[in-house]
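Residue-level listing of the chains:
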Amino acid sequence: MRLKKGISKTICSFLAVIMLVAGTAWPVTVEAARLPYYIKINRQQNVVTIYGLDSKGAYTVPVKAMTCSTGVNNATPAGTFTMSGKYRWHELMGEVYGQYCSRIHGGVLFHSVFYNEPSNPATLAYNSYNRLGTQASHGCVRLNVADAKWIYDNCPSGTRVTIYDSSNPGPLGKPDTIKIDTSSPYRGWDPTDPNPNNPWQKMKPTFKGLKNRTIERCSKKPDLKKGVTATDYKGTKLKFTVSGKCNTKKVGKYIITYTAKDAKGSVTKKTITITVKDTKKPTVKVKKKTLTVKGELSEKKLLAKLRANVVAKDSGEKLAAKYITVNDSKLLNAMKNHKYGTYKVTVYAKDKAGNKSKKVTFKVKYVDPNPKEPDEPENPDDPENPENPENPDDPQNPDDPVIPEYPDNPNEPEMPEEPDNPTEPDVPVNEDVSVD
């Protein structure tokens, strides 16, 4: 029995040791698994930088930067600490109160700039608020309400915090701070407080110069920021973004959105409509003033040929042939009846928006594709043609005597001999001379 008791005692002791070790190690693993952020506070620059986990599980990814006020004369202790404890409202040194408090170490907390009354967000110490970005506290780390609430909501107890000094504010730099107008009736409120009763929340950025526009198709792309300004409640100019696209080559309506965000996080969005219209008439030119068409063509082929002689443009863009109208009825009728000649054709263009160009005319010469050759003169040697003399180049003198032709006949009578000189006068006969 004693042996059994001794063995049981040894086993229990061994199990206790295992449980102690397991109990010590396990919570660390679970805690580490649910801690998404690591916080670093730069006392010299009064900047808080939040880091997230990278793919290897190390806190190397900068997520968010905040401007703060650390303790005067480095009253905020340097070192690495573990956060513990959170308080929606908490009393601070000097009978003042803070919102969204998260304990860093001992009496050092993250919290909002202090208030003079508990649970009253309208009693902010606005002068201290305007000192954010400088050392101003008794040792706590002051933030605006929005930043204090972010840590309160997102960084649980157990989150590590390192406080250090460096001239480099951090990878995300030092954010600008809001300065409250101390003469404003709302100066008792933190402008970043999401409280629905916060009057600052109603004072959102405003835009000037926004108006709907109408532009011509294919005109120059408009400068959407020209003449537009965004300002916060104090009249300070803000940067703004423009989203949305406008296709100046396509008729239609386009919505453009303008967005501005002020330092307290209030956002204003405004939209305008850009209307792209097409009111410009297209232009028409002909390539040839006179076009020749041989033979009859089908109506479709003739139309294609006539359109090919035309160049139509709309705002500098070439229009397809289907937008060109051709008046060729007279020419078509001539083709059907084979009436060759020159005809006028009228053309114009009509764009997608219905705008018509001026009418332009050109000539079309409709010619016979197989013209007849001229008749050749008849053969001059043809004996049956009495009108053609034997030798047209040697016309007969009408004064020449006509010598009759006789066939080769031996009985042909001889022509009487012509006297030697028919014109010579007769010689008188001497009567003394006898004649035989």
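Residues numbered from 1 in each chain as written. Predicted model: local features only at pLDDT ≥ 70, side-chain atom pairs only at ≥ 80, totals over all residues. Heavy atoms only, no water.

Engineer: When you look at a positive patch on the surface in this model, what are you seeing that I'm missing?
Structural biologist: The grouping of K285, K287, K313 and K318 at the surface amounts to a positive patch. With respect to the helices and strands, the residue K287 is situated in the loop between β17 (283–286) and β18 (290–294). By relative accessible area, K287 is classed as exposed at 56%. (Patch = residues over 30% accessible without salt bridge, like charges linked within 9 Å, V, L, I, M, F, W, Y side chains within 5 Å. Areas by Shrake-Rupley, 256 points an atom, 1.4 Å probe, with all protein chains shown as cover. Salt bridge = Lys/Arg side-chain N within 4 Å of Asp/Glu carboxyl O. Lys, Arg positive; Asp, Glu negative; His and termini not counted. Charge placed at Lys NZ, Arg CZ, Asp CG, Glu CD. Helix = DSSP H or I, 4+ residues; strand = E, 2+ residues; numbered from the N terminus. Buried < 20%, exposed > 50% of the residue type's maximum accessible area, 1.4 Å probe, protein only.)

Engineer: Mind showing me how you'd approach the side chain of T248 here?
Structural biologist: Structurally, the position occupied by T248 is in the loop between β14 (240–243) and β15 (252–261). The buried category is assigned to T248, whose relative accessible area is 12%. Excluding residues that lie within four positions of it along the chain, T248 makes contacts with I215, E216, R217, C218, S219, K221, P222 and V276. (Contact = heavy atoms within 4.5 Å.)

Engineer: What's the story with the nonpolar core in this structure? I'm lost.
Structural biologist: The nonpolar side chains of a soluble globular protein tend to be buried with one another. One finds I39, I41, V48, F110 and I151 to be the most contacted residues of the largest nonpolar core, which totals 31 residues. Of all the elements in the fold, those that place two or more residues in this core are β1 (37–42), β2 (47–53), β6 (96–105), β7 (108–112), β8 (141–143), α3 (145–154) and β9 (160–164). No other element matches the four residues that α3 contributes to this core. Once residues lying within four places of it in the same chain are set aside, the contact partners of V48 are I39, K40, I41, K64, A65, M66, C68, F110, V141 and L143. In terms of nonpolar packing, the next biggest core, distinct from the first, is built from 22 residues, L306, A334, V345 and Y366 among them. (Core = buried A, V, L, I, M, F, W, Y, C linked by side-chain atoms within 4.5 Å.)

Engineer: How should the packing of aromatic side chains be read in this particular structure?
Structural biologist: Here a ring pair, both rings aromatic, is described through the centre-centre distance and the interplanar angle of the planes. Taken as a whole and judged by the stated rule, the model has eleven aromatic pairs. Between Y38 and Y51, the aromatic rings sit 6.4 Å apart at their centres with planes inclined by 40°, giving tilted as the arrangement. Taken as a pair, Y38 in strand β1 and Y51 in strand β2 lie far apart in primary sequence, 13 residues in all. A ring pair is formed by F207 and F240, whose centres lie 5.8 Å apart and whose planes are at 85°; its orientation type is edge-to-face. Within this pair, whereas F207 is found in strand β10 (residues 206–208), its partner F240 is found in strand β14, the two being separated by 33 residues in sequence. Both residues of the pair, F207 and F240, belong to the buried class. A network of ring pairs unites the aromatic residues Y38, Y51 and Y59 as a single cluster. Positioned above the aromatic ring of Y164 is the side chain of K40, whose terminal nitrogen or guanidinium carbon lies 4.9 Å from the ring centre. Taking NZ or CZ as reference, R160 lies 4.7 Å from the ring centre of Y38, over its face. (Phe/Tyr/Trp six-rings, centres within 6.5 Å; stacked < 30°, edge-to-face > 60°. Lys NZ or Arg CZ within 6 Å of the ring centre and 35° of its normal.)

Engineer: Is there a simple way to explain the confidence of the model for the protein chain in this structure?
Structural biologist: Do not read the fine detail of predicted coordinates wherever pLDDT is low. Looking at the protein chain, pLDDT values average 83 and 78% of them are 70 or higher. In the predicted structure, residues 1–33 sits below a pLDDT of 50 and forms three contacts with residues beyond four places in sequence or in another chain. For residues 422–436, every residue scores under 50 in pLDDT, and the model assigns this stretch zero contacts once sequence neighbours within four places are set aside. (pLDDT = per-residue confidence, 0-100.)

Engineer: I would appreciate a short explanation of the sheet that holds strand β16 (residues 267–277) in the present structure.
Structural biologist: Through backbone hydrogen bonds, the strands of a sheet pair up, either in parallel or in antiparallel fashion. If you walk across this open sheet you meet the four strands as β11-β16-β15-β14, and the pairing is mixed. Here the strands that pair on one side only, and so sit at the sheet edges, are β11 (213–216) and β14. Going across the sheet, the axis of each strand differs from the next one's by a mean of 25°, ignoring polarity. Here β15 pairs with β16 via ten bridges, running antiparallel. Its bridge partner lying in β16, G252 is registered against V276. (Pairing = 2+ DSSP bridges. Axes fitted to C-alpha atoms, helices over the stretch in contact; angles between N-to-C directions.)

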